[in-house]
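Notes for the structure review
The residues making up each chain are set out below.
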Amino acid sequence: MTYPERIVPDETEPGIVALHLKRYEFALPWCRDRDVLDAGCGVGYGSAFLATAARRVVGVDRDEDAIGYARERYGAANVEFRVGDLLELDLPDGSFDAVCSFETIEHLSDSDAFLGEMTRVLRPEGTLVVSTPRARETTHTPDNPFHELELSAADFERLLRAHFATVELYGQRRLQTARHRLLQRVDVLGLRRRLTFLRPASRLLGTPPMAEVGLEGIAIERGELEGATELVAVCRRAGA
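Report on the accompanying structure. Model, not experiment: these values are computed from the prediction.

Our next topic: unusual backbone geometry. A positive phi angle is found at Asp33, which is not glycine, with a value near 60°. The class of Asp33 is exposed, set by a relative accessible area of 55%. The backbone of Glu103 sits at a positive phi, close to 55°, despite the residue not being glycine. Looking at where Glu103 falls in the secondary structure, it is placed in the loop between β4 (96-102) and α4 (111-121).

Below you can see the structure in the form of structure tokens.
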């Protein structure tokens, strides 16, 4: 299995881009007309998406090449891209109303230090919207060589509650027909993952192939964690 570390929309299948962009769409209500940090922004497509609604967006990533690409491809009047260490941000306390950090925490060596920085740069009524792949059991030795750890839903929530007064957990999943879900349940040997010629069968079962999925074919639902591929959390410093 391959593990792409960066999503570059101009070079990636639309369905894969949609899986990532869905989380930015989900975060828009907390970002509208506000100052927003995109922590772990990659090449900047998500920051640019948020900037269509936010007052100001700062995208930070440790990869200089990614930031260079972001500045050239997604620069705008209300978007700034900066190279930075998410464990030690060069940003003042209370700089942002909202922080978005999608598929980032699993890449970092110190989750607590990261969350401490996110709380520091948030304003008292600020909101963190954060996501990570869902693991059945937490592991510090994941198969993905780019990941430092992968978290179960319970451990993800526990980690966040150590830093935030309020945590709401959501599950992200691709929408599938009942027939498609049934096929996946009976495929106990995982043949569809290993035998690529079987994957187009999803179309016959009423579910578009992954490469063709759009934003409308993906759901992020509160509490729907069983069967979710990613966990998304909305965290607030102050109690609700």
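Let us now look at the environment of Val232. Mapped onto the secondary structure, Val232 falls in strand β8 (residues 230-236). Given the relative accessible area of 0%, Val232 is considered buried. Between the C-alpha atoms of Val232 and Gly171, which are 61 residues apart in sequence, the distance is 6.0 Å. Discounting residues that sit within four places of it in the chain, Val232 has contacts with Arg23, Phe26, Val129, Val130, Ser131, Glu168, Leu169, Tyr170, Gln172 and Ile220.

On to the packing of aromatic side chains, then. Counted according to the given criterion, the structure contains four aromatic pairs. Both rings, one in Tyr24 and one in Tyr45, keep their centres 6.1 Å apart while their planes meet at 70°; by these two values the pair is edge-to-face. On the criterion of sequence distance, the pair formed by Tyr24 in helix α1 (residues 14-31) and Tyr45 in helix α2 (residues 45-51) is long-range, its members being 21 residues apart. The class of Tyr24 is buried, set by a relative accessible area of 5%. Residue Tyr45 is classed as buried on the basis of its relative accessible area, which comes to 11%. Seen in terms of ring centroids, Tyr24 and Phe102 are 4.8 Å apart; in terms of plane orientation they differ by 90°. Their pairing is edge-to-face. In this pair, Tyr24 is assigned in helix α1 and Phe102 in strand β4, connecting sequence segments 78 residues apart. Three or more aromatic residues joined by ring pairs form one cluster here, namely Tyr24, Tyr45 and Phe102.

What follows covers the pattern of salt bridges. Scanning the entire structure with this criterion turns up 18 salt bridges. Across the pair Arg23 and Glu230 runs a salt bridge whose closest N-O atoms are separated by 3.8 Å. Of this pair, Arg23 sits in helix α1 while Glu230 is found in strand β8, placing the two residues 207 residues apart along the sequence. On the basis of relative accessible area, Arg23 is assigned to the buried category, the value being 2%. A salt bridge links Arg161 to Glu157; the nearest nitrogen and oxygen atoms lie 3.0 Å apart. Here Arg161 pairs with Glu157, and both are found in helix α5 (residues 153-161), just four residues apart, close to one helical turn.

What the eight strands build is an open sheet, ordered β3-β2-β1-β4-β5-β8-β6-β7; its pairing is mixed. Strands at the two margins of the open sheet, each flanked by one partner only, are β3 (79-83) and β7 (218-222). Averaged over neighbouring strand pairs, the angle between their axes works out to 20° when direction is ignored. Relative to strand β2 (residues 56-61), strand β1 (residues 35-39) is paired through five bridges, and the arrangement is parallel. Its bridge partner lying in β2, Leu37 is registered against Val58. Relative to the sheet, helix α3 (residues 64-74) contacts β2 and β3, its axis offset from that of β3 by approximately 165°. Along the sheet, α4 makes contact with β1, β4 and β5 (122-133), crossing β5 at roughly 145°.

Calculation notes
Residues numbered from 1 in each chain as written. Predicted model: local features only at pLDDT ≥ 70, side-chain atom pairs only at ≥ 80, totals over all residues. Heavy atoms only, no water. Buried < 20%, exposed > 50% of the residue type's maximum accessible area, 1.4 Å probe, protein only. Helix = DSSP H or I, 4+ residues; strand = E, 2+ residues; numbered from the N terminus. Contact = heavy atoms within 4.5 Å. Phe/Tyr/Trp six-rings, centres within 6.5 Å; stacked < 30°, edge-to-face > 60°. Salt bridge = Lys/Arg side-chain N within 4 Å of Asp/Glu carboxyl O. Pairing = 2+ DSSP bridges. Axes fitted to C-alpha atoms, helices over the stretch in contact; angles between N-to-C directions.

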